[in-house]
Amino acid sequence: EPEVTQTPSHQVTQMGQEVILRCVPISNHLYFYWYRQILGQKVEFLVSFYNNEISEKSEIFDDQFSVERPDGSNFTLKIRSTKLEDSAMYFCASSARYNEQFFGPGTRLTVL
Amino acid sequence: GESVGLHLPTLSVQEGDNSIINCAYSNSASDYFIWYKQESGKGPQFIIDIRSNMDKRQGQRVTVLLNKTVKHLSLQIAATQPGDSAVYFCAENLGGGGADGLTFGKGTHLIIQP
């Protein structure tokens, strides 16, 4: 069964450093998303991406964040200068049609 | 306040019994609702969805009920099994386009007692 994959599973970085989280969405999907989940809290929407541009973004997705689809298979989330409060699980999701979003296993980001 | 929330943080059920997980939403314009299951260390797993033009939808051992009058959503799991132990989130979509983000509730931790 096709699934969303994410790398790395765990990323440790120093505050102020740049990180890139990578995702490979399900191959025939057209819509891509990033969410985050701070430990013990609910999942929060960050951004959605369609047709090579951002479709929607939340208040969390400020100028420190960017997304890119550099080729036909990868979808990346970049945080330019990480802060302690960026520590969270980051989930990529994709969908083929309206709303049925499938999530990847997540990347745990730890900012020291 | 948030648009989607849950009544109970933890629900403990005997194996084999049925369970009901509840969710309240506040935005009457929401038109799509999903239940996700999240096991420890994993991403949310799609269980079942329902659109606002329906009040009930059934899947394998699961049923979602939508009461638009009181803005209430529930997930019923029949004949619970140990593998059903997880955190369950309801989520809603507030927009009308194809790439809209989901708004998640806080989650209910379902514990299946042997």
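Below, the structure is looked at part by part.

Reading guide: rules and limits
Residues numbered from 1 in each chain as written. Chains lettered and ligands numbered in written order. Predicted model: local features only at pLDDT ≥ 70, side-chain atom pairs only at ≥ 80, totals over all residues. Heavy atoms only, no water. Phe/Tyr/Trp six-rings, centres within 6.5 Å; stacked < 30°, edge-to-face > 60°. Helix = DSSP H or I, 4+ residues; strand = E, 2+ residues; numbered from the N terminus. Buried < 20%, exposed > 50% of the residue type's maximum accessible area, 1.4 Å probe, protein only. Disulfide = S-S within 2.5 Å.

All names here are of chain A. Tallied over the full model, the rule gives 17 aromatic pairs over all chains. For the ring pair Y35 and F103, a centre distance of 5.1 Å and an interplane angle of 45° mean the geometry is tilted. Placement of the pair is Y35 in strand 4 (residues 31-37) and F103 in strand 10 (residues 102-103), with a sequence separation of 68 residues. Across the pair, F103 and Y35 agree in class, each one buried.

Moving on: the state of the cysteines. All names here are of chain A. Throughout the structure, instances matching the rule amount to 2 disulfides over all chains. What pairs with C23 in a disulfide is C92, and their sulfur atoms sit 1.9 Å apart. What sets the handedness of the C23 and C92 disulfide is the S-S torsion sign, and at about -65° it is left-handed. Placement of C23 in strand 3 (residues 19-24) and of C92 in strand 9 (residues 88-95) is noted, with a sequence separation of 69 residues between them.

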